[in-house]
Amino acid sequence: MSYVCIIKHKEILMRLKIEVLGMDCSKCNTLFLRVNKVVSEHSIDAEVTKIEYVQEIATQHILQFPALLVNGDLVSKGTVPSERKIIDLINNFLSDDAKIHLPAEQKKSKNIFFIAALAVLIVALVFILKNYQSNPSTSPQSDSTITVKNQPKEYKDWVNKLYNYSQQSTSYKITFLEFGSTNCRECKNMEKVMVDVKENFKNKVNVVFYNVRKKENKKMVDFFKINIIPVQVLLDSNGVEYFRHEGFLNYTDLITHFK
């Protein structure tokens, strides 16, 4: 479903085409509303559209959402920029006399004091924690060995919770995990394969991309022992790995391993 909001301003001659790509998710909806607010408040002559159709999104070969396009150029993906940032992005497509000029952000002394106090508190807590852990006799429960020992089991339970579909009310039968990055040539070649699988097996195969360069994916990368990219991992409906491949794998060869 596509939503269109058109706002006119007589002083600007060129109408911008602004597109928000993404499904019906909170981030995608927030970005759409935020862009419309910026366009409305600053009287920008622009057509703002939200694209949710999988077929339309697939033609852009974008895997991180929400994505923001201005006049067909990708200017943001995977994040929800602030209103000020959205204005900066739009300004790149406006003539000099039509650019939006905002007053410089004022730094309030209260905010500076709060940040400084918070930094001091963090340093103090780190110092106390180090001293506390250096004397294990003061607290038997602070044994770091126990924590490390329990971590793999806990994360295994987390992975099982995510991808064990036998315990969920879902139509998925397979999980297709793609480990790679946005700077790897072979990884970029896998993007089209992922899009094709999503289109042709949308009710059967759950396609999940993990960027190995991002800190939030480190535990998942370590759990699956990824040492080279790209890597394709297939999990059955119980969340158990049954196939793995390193390097580029074309669509035809990949789907032969779907159960």
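None of the values given here were measured: they were computed from a predicted structure.

Cut-offs applied
- Residues numbered from 1 in each chain as written.
- Predicted model: local features only at pLDDT ≥ 70, side-chain atom pairs only at ≥ 80, totals over all residues.
- Heavy atoms only, no water.
- pLDDT = per-residue confidence, 0-100.
- Contact = heavy atoms within 4.5 Å.
- Core = buried A, V, L, I, M, F, W, Y, C linked by side-chain atoms within 4.5 Å.
- Buried < 20%, exposed > 50% of the residue type's maximum accessible area, 1.4 Å probe, protein only.
- Helix = DSSP H or I, 4+ residues; strand = E, 2+ residues; numbered from the N terminus.
- Pairing = 2+ DSSP bridges.
- Axes fitted to C-alpha atoms, helices over the stretch in contact; angles between N-to-C directions.
- Salt bridge = Lys/Arg side-chain N within 4 Å of Asp/Glu carboxyl O.
- Expected span 1.5 Å × (residues − 1).
- Arc of directions from axis to C-beta.
- Patch = residues over 30% accessible without salt bridge, like charges linked within 9 Å, V, L, I, M, F, W, Y side chains within 5 Å.
- Areas by Shrake-Rupley, 256 points an atom, 1.4 Å probe, with all protein chains shown as cover.

Trainee: What should I look at first to understand the confidence of the model for the protein in this one?
Mentor: Here the protein averages 81 in pLDDT, while 82% of its residues score no lower than 70. Counted against residues more than four places away or in other chains, residues 6-13, with its pLDDT under 50, gives 18 contacts. Low confidence marks residues 133-152, where pLDDT is under 50. Its contacts with residues over four positions away, or in another chain, come to 4 contacts.

Trainee: I would appreciate a short explanation of the nonpolar core in the present structure.
Mentor: In terms of nonpolar packing, the biggest core is built from 19 residues, with Leu16, Ile18, Val35, Val39, Ile44, Leu68 and Ile90 touching the most fellow members. At the level of secondary structure, the elements contributing two or more residues to this core comprise β2 (16-21), α1 (26-41), β3 (46-51) and α3 (83-91). Among the elements that take part in this core, α1 stands out by supplying 5 residues, more than any other. Contact partners of Leu16, with chain neighbours within four places excluded, come to Ile44, Asp45, Ala46, Glu47, Asn71, Ile90, Phe93 and Leu94.

Trainee: Can you help me understand the pairing of strand β5 (residues 73-77) in this one?
Mentor: Along any regular strand the residues' side chains alternate between the sheet's two faces. Sheet analysis places strand β4 (residues 67-70) next to β5, joined by 4 bridges and oriented antiparallel. The partner of Val70 across the bridge, within β5, is Asp73. What sits between the antiparallel neighbours β4 and β5 is a turn of 2 residues, in which Asn71 has the positive phi angle 50°.

Trainee: Please clarify how the environment of Tyr251 should be interpreted in this entry.
Mentor: In this structure, Tyr251 sits in helix α8 (residues 251-255). Sequence-wise, Tyr251 and Val193 are 58 residues apart; in three dimensions their C-alpha atoms are separated by 5.4 Å. In contact with Tyr251, not counting residues within four places along its chain, are Val193, Asp196, Val197, Asn200 and Phe201.

Trainee: Would you mind going over the sheet that holds strand β7 (residues 205-211) with me for this structure?
Mentor: Neighbouring strands of a sheet are bound in pairs by backbone hydrogen bonds; such pairs are parallel or else antiparallel. What the 4 strands build is an open sheet, ordered β7-β6-β8-β9; its pairing is mixed. Edge positions in the open sheet fall to β7 and β9 (241-246), since each of these has one partner strand only. On average, each strand axis in the sheet is tilted by 15° relative to the strand beside it, whichever way the strands run. Two strands pair when backbone bridges link them, and strand β8 (residues 231-235) and β9 are joined in this way by 5 bridges, in the antiparallel orientation. Across the sheet, Gln232 pairs through a bridge with His245, a residue of β9. Set on the sheet, helix α6 (residues 185-200) makes contact with β6 (174-180), β7 and β8; between it and β6 the angle comes to about 160°.

Trainee: Sorry if this is basic, but what is going on with the pattern of salt bridges here?
Mentor: Here the idea is simple: oppositely charged side chains can pair when their charged atoms come close. Within this structure, the stated rule accounts for 7 salt bridges. Between Asp45 and Arg15 there is a salt bridge whose closest N-O contact spans 3.2 Å. Separated by 30 residues along the polypeptide, Asp45 in the loop between α1 and β3 and Arg15 in the loop between β1 (3-7) and β2 bring together distant segments of the chain. Given a relative accessible area of 8%, Asp45 falls into the buried group. For Arg15, a relative accessible area of 37% puts it in the partly exposed group. In this structure, Arg244 engages Glu241 in a salt bridge whose closest nitrogen and oxygen atoms are separated by 2.8 Å. Taking relative accessible area as the criterion, Arg244 reaches 31% and is therefore assigned partly exposed.

Trainee: It is not clear to me how α1 should be interpreted in this structure. Could you clarify?
Mentor: Owing to its 3.6 residues per turn, the α-helix aligns residues three or four sequence positions apart on the same side. Along its 16 residues, α1 runs 22 Å from first to last C-alpha, staying within 8% of the 22 Å computed at 1.5 Å per residue. Every buried residue of α1 is listed here: Cys28, Leu31, Phe32, Val35, Asn36, Val38 and Val39. Take α1 and look down its axis: the buried residues cluster within an arc of 160°, on one side only. Away from the buried face of α1 by more than 90 degrees, exposed residues Ser26 and Leu33 are located. Backbone geometry just after α1 places Ser43 at a positive phi near 50°.

Trainee: Please clarify how a nonpolar patch on the surface should be interpreted in this entry.
Mentor: On the surface, a nonpolar cluster with roughly 670 Å² of combined accessible area is contributed by Phe114, Ile115, Leu118, Leu121, Ile122, Leu125 and Val126. Tracing the backbone shows Leu121 in helix α4 (residues 109-133).

Trainee: Which parts of the structure should I look at to understand unusual backbone geometry?
Mentor: Both trends apply: most residues other than glycine have a negative phi, and most peptide bonds are in trans. With an omega of 0°, the peptide bond between Phe65 and Pro66 qualifies as cis. With respect to the helices, strands and loops of the structure, Pro66 is situated in the loop between α2 (54-58) and β4. In this structure, the amide linkage connecting Ile229 to the following residue, Pro230, adopts the cis form with an omega of -5°. Looking at where Pro230 falls in the secondary structure, it is placed in the loop between α7 (218-223) and β8. At Ser43, a position not held by glycine, the phi torsion is positive, near 50°. Here Ser43 is to be found in the loop between α1 and β3. Unlike most non-glycine residues, Lys225 shows phi in positive territory, near 55°.

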